Amino acid sequence: MISAVVIGATAIAITRRNMVHAVVYLIVSYFGTAMLFYLFGAPLLAALEIIIYAGAIMVLFLFVVMMIKVESPEEVMFPLSQWLPAAVFGLIYLAAAVVMIVETPGMEVSLRMLTATPGQFALYVFEHHWFSIEVISILLLLALIGALCLGIGKGARCEGGRADSVSTPPEAASAAAEEEI
Amino acid sequence: MIVPFGHVLLVAGIIFALGVFCAVVRRNLIMIVLGIEIMLNAASIVFVGAALRWNNLDGQTFVLFILAVAATEVSVGLAIIVYAFRRTGSFDPSNFNLLR
């Protein structure tokens, strides 16, 4: 049911001409994904999905879409001879993937209800993957610097500031996860 | 909950295919980045489902990393898109044909 909502919203999102509509439909899709995460026993990840994806990333997209006035370009499709082979190969891969999923043994195992509380999750992460967390934080810092460098050029400082103000929530989130220990 | 693991894979596969379609077909840089986001989302659905299937928290940890990488990629990518838009005045990738 929720997956139907997710798939439907995503399908509507990728076909919109108007980019603002596309982004709003994608927010619906991300809320559905967050509910899916919650059902799969990951409440912390559900919260992070809403905060980071639906909150930060989509707002960043909205900022960029609204900052640049959209002239609604006429989107021309590629010529038929160009996309027909690609579509055929893509369909072959899709059929192969479906067959693979259906044929693999152990796919009928139904998932049990099991929840990892945020405390357990944070303990696990910082016991086994503390180095990766540090690497991720350095990556975020580098992204901040890179966005600033791109934004500062030619006296256009605004988008750098926006990018770094939006890219901080993951760090805040990992700090929150740290506090939960 | 009585959901077979295959259904999770199927849903994530459909979402991933939608993301690929969006990234390949649309000729608009912002929609291409949006398609990449959809693909990352599908990957994280599979990770969480697999974490539940094998009772292993590694999957959820990887979703955490995917979130961070997605945020990074979007902030830098959108900064690059805005920069490119200032230089060329269009969103069509086929207009970006200069190396300087």
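Small disclaimer: the values here were computed from a predicted structure and weren't measured.

*Asks:* Can you walk me through the overall build of chain B in this structure?
*Replies:* Counting its secondary structure elements, chain B contains three helices and zero strands. The order of helices and strands in chain B, counted from the N terminus, is α-α-α. Computed over C-alpha atoms, the radius of gyration of chain B comes to 17 Å, more than 25% over the 13 Å expected from 2.2 N^0.38 for 100 residues, which places it beyond the range of a compact globule. Along the first, second and third principal axes, the C-alpha atoms of chain B reach 55 × 25 × 20 Å. Long-range contacts, defined here as pairs at least 24 residues apart, represent 45% of the contacts in chain B between residues at least 6 apart.

*Asks:* I'm lost on the overall build of chain A in this one. Help?
*Replies:* Broken down by element type, chain A carries eight helices and zero strands. In sequence order, the secondary structure elements of chain A are arranged as α-α-α-α-α-α-α-α. A burial count over chain A gives 31% of its 181 residues as buried. A separation of at least 24 residues holds for 56% of the contacts in chain A among residues at least 6 apart in sequence.

*Asks:* Looking at this structure, how should I read the packing of helix H3 (residues 43-67) of chain A against helix H3 (residues 58-88) of chain B?
*Replies:* When two helices pack together, their arrangement is given by the angle between their axes and by how far apart the axes lie. Where H3(A) meets H3(B), the closest approach of the two axes is 11 Å, and the angle between their N-to-C directions is 5°. Put simply, H3(A) runs roughly parallel to H3(B). Across from A:Leu45, A:Leu48, A:Ile52, A:Ala56, A:Ile57, A:Leu60 and A:Val64 in H3(A), the residues of H3(B) making contact are B:Gln60, B:Val63, B:Leu67, B:Ala70, B:Ala71, B:Val74, B:Ser75, B:Leu78, B:Ile81 and B:Val82. Residue classes in the contact of H3(A) with H3(B) are distributed as 15 nonpolar, two polar and no charged.

*Asks:* I keep staring at the packing of helix H2 (residues 29-53) of chain B against H3(B) and nothing clicks. Help me out?
*Replies:* All names here are of chain B. Two elements in contact, H2 and H3, have axes whose closest approach is 8 Å; the angle formed by their N-to-C orientations is 175°. Accordingly, the angle class assigned to the pair H2 and H3 is roughly antiparallel. Contact residues: H2 offers Leu29, Ile30, Val33, Glu37, Leu40, Ala43, Ser44, Phe47, Val48, Ala50 and Ala51, while H3 offers Asp58, Gly59, Gln60, Phe62, Val63, Ile66, Ala70, Val74, Gly77, Leu78 and Ile81. Tallied by class, residues from the contact of H2 with H3 come to 16 nonpolar, four polar and two charged.

*Asks:* What's the story with the nonpolar core in this structure? I'm lost.
*Replies:* What tends to happen in soluble globular proteins is that the nonpolar side chains get buried as a cluster. Counting 68 residues, the largest nonpolar core has A:Ile57, B:Ile30, B:Leu34, B:Ile45 and B:Val48 as its most contacted members. Counting residues per element, the ones that place at least two in this core are helix H2 (19-39), H3, helix H5 (118-128) and helix H6 (130-152) of chain A together with helix H1 (5-25), H2 and H3 of chain B. Of all the elements, H2(B) adds the most residues to this core, at 14 residues. Taken domain by domain, the makeup of this core includes at least three residues from each of domain 1 (1-69) and domain 2 (116-181) of chain A.

*Asks:* What is the right way to look at the confidence of the model for chain A in this model?
*Replies:* Reading fine detail from the predicted coordinates is not recommended where pLDDT is low. Residues and elements named next belong to chain A. Summarising the model, chain A shows a mean pLDDT of 73, and 63% of its residues fall at 70 or more. Confidence drops under a pLDDT of 50 for residues 156-173, and excluding neighbours within four residues, the segment shows 49 contacts in the predicted structure. A low-confidence stretch, residues 175-181 (pLDDT under 50), is modelled with eight contacts involving residues beyond four sequence positions or located in other chains.

*Asks:* I keep staring at H6(A) and nothing clicks. Help me out?
*Replies:* An α-helix turns once per 3.6 residues; consequently, residues spaced three or four apart project the same way. In a regular helix each residue adds 1.5 Å, so 23 residues correspond to 33 Å; H6(A) covers 33 Å between its end C-alpha atoms and thus fits that length. All of the buried residues along H6(A) are A:Ile136, A:Leu140, A:Ala143, A:Leu144, A:Ala147, A:Leu150 and A:Gly151.

*Asks:* Would you mind going over H1(B) with me for this structure?
*Replies:* With 21 residues, H1(B) ought to run about 30 Å at 1.5 Å a step, and its terminal C-alpha atoms sit 30 Å apart, in line with that. Within H1(B) the residues assigned to the buried category are B:Phe5, B:Val8, B:Leu9, B:Val11, B:Ala12, B:Ile15, B:Leu18, B:Gly19 and B:Cys22.

*Asks:* Got a minute to help me understand the environment of A:Val24 in this structure?
*Replies:* If you trace the backbone, A:Val24 turns up in helix H2. Separated by 112 residues in the primary sequence, A:Val24 and A:Ile136 place their C-alpha atoms 28 Å from one another.

*Asks:* Sorry if this is basic, but what is going on with the confidence of the model for chain B here?
*Replies:* Residue and element names in this part refer to chain B. Chain-level statistics for chain B give a pLDDT mean of 82 and a share of 93% at 70 or above. Mean pLDDT across the secondary structure elements of chain B bottoms out at H1, with 82, and peaks at H2, with 87. Across the interface, the model reports ipTM at 0.82; the global pTM reads 0.77.

*Asks:* Can you walk me through the environment of A:Leu123 in this structure?
*Replies:* All names here are of chain A. Within the secondary structure, leucine 123 sits in helix H5. Among the residues examined, leucine 123 registers 16 C-beta atoms within 10 Å and is labelled partly exposed. Separated by 57 residues in sequence, leucine 123 and methionine 66 place their C-alpha atoms 41 Å apart.

Conventions used here
Residues numbered from 1 in each chain as written. Chains lettered and ligands numbered in written order. Predicted model: local features only at pLDDT ≥ 70, side-chain atom pairs only at ≥ 80, totals over all residues. Helix = DSSP H or I, 4+ residues; strand = E, 2+ residues; numbered from the N terminus. Rg over C-alpha atoms; globule rule 2.2 N^0.38 Å. Contact = placed C-beta atoms within 7 Å. Buried ≥ 20, exposed ≤ 12 C-beta atoms within 10 Å, placed from the backbone. Axes fitted to C-alpha atoms, helices over the stretch in contact; angles between N-to-C directions. Parallel < 35°, antiparallel > 145°, perpendicular 65-115°, else oblique. Nonpolar A, V, L, I, M, F, W, Y, C, P; charged D, E, K, R; others polar. Core = buried A, V, L, I, M, F, W, Y, C linked by C-beta atoms within 7 Å. Domains from an automatic or database assignment. pLDDT = per-residue confidence, 0-100. Expected span 1.5 Å × (residues − 1).

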